[in-house]
Amino acid sequence: MRLDMRVIKDTLMVKIDGDVDMLVAEQLRQEIDRVIRVKNIKNLILDMEGVTFMDSAGLGVVLGRYKKIAATGGNMYIVRAKPVVKNILELSGVNKLVTVCATEKEIINL
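Keep in mind that what you see is a predicted model, and the values were worked out from it rather than measured.

Calculation criteria
Here the residue index of a chain counts from 1 through its sequence in written order. Since the coordinates come from a predicted model, pLDDT governs what is reported: local features require at least 70, and pairs of side-chain atoms require 80 or more to be given and counted, while whole-chain, interface and lining totals use all residues. To obtain the side-chain values, all non-hydrogen atoms of the structure were used and water was disregarded. A simple rule labels every residue: compare its accessible area, found with a 1.4 Å probe on the protein chains alone, to the largest value its type can have, and call it buried under 20%, exposed over 50%, or partly exposed in between. Following DSSP output, two strands are said to pair if at least two bridges run between them. Under the DSSP-based scheme used, a helix requires at least four consecutive residues in state H or I and a strand at least two consecutive residues in state E, with every element numbered from the N terminus. Working convention: axes come from line fits to C-alpha atoms, limited for helices to the stretch in contact. Angles between N-to-C directions cover 0 to 180 degrees.

Can you walk me through unusual backbone geometry in this structure?
It is generally the case that most residues other than glycine have a negative phi and that most peptide bonds are trans. With a phi angle near 55 degrees, Lys9 is a residue other than glycine that sits in the positive phi range. The exposure class of Lys9 is exposed, given its relative accessible area of 77%.

Could you clarify how one ought to interpret the sheet that holds strand β5 (residues 99–101) in this entry?
Pairing between sheet strands relies on hydrogen bonds along the backbone, with the strands arranged either parallel or antiparallel. Taking strand neighbours across the sheet as the criterion, the five strands line up as β1-β2-β3-β4-β5 in an open arrangement whose pairing is mixed. Every other strand in the sheet has two partners, leaving β1 (2–8) and β5 as the edge strands with one partner each. Pairs of neighbouring strands in the sheet enclose a mean axial angle of 20 degrees, with direction left out of account. Both β1 and strand β2 (residues 11–20) contribute to a ladder of seven bridges, which runs antiparallel. Directly across from Val7, in β2, lies its bridge partner Leu12.

Geometric values such as these leave the question of function open.
Right under this line is the structure:
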């Protein structure tokens, strides 16, 4: 798994490449939480274009970050998820909590 993180004002954009599974879930959680805490992040965008697999541990990371962001009144979005990841988000019901968009441009229009 590779991460590329950018902060724009109070929004953290995280581009994730690779599998999001139990082997990397804790590292992913810690790195995102550190930036949220240090940079006082209000909104989170997960760019999942490069995610090829996600298991329940990965879903746990997504749900945990959603709860953290929602608790501060912020918003969380998932962009560019491949069909296999979208399917997991839909089957788990995560897409009812987190807005799933094709691109960042859709977020601006919400």
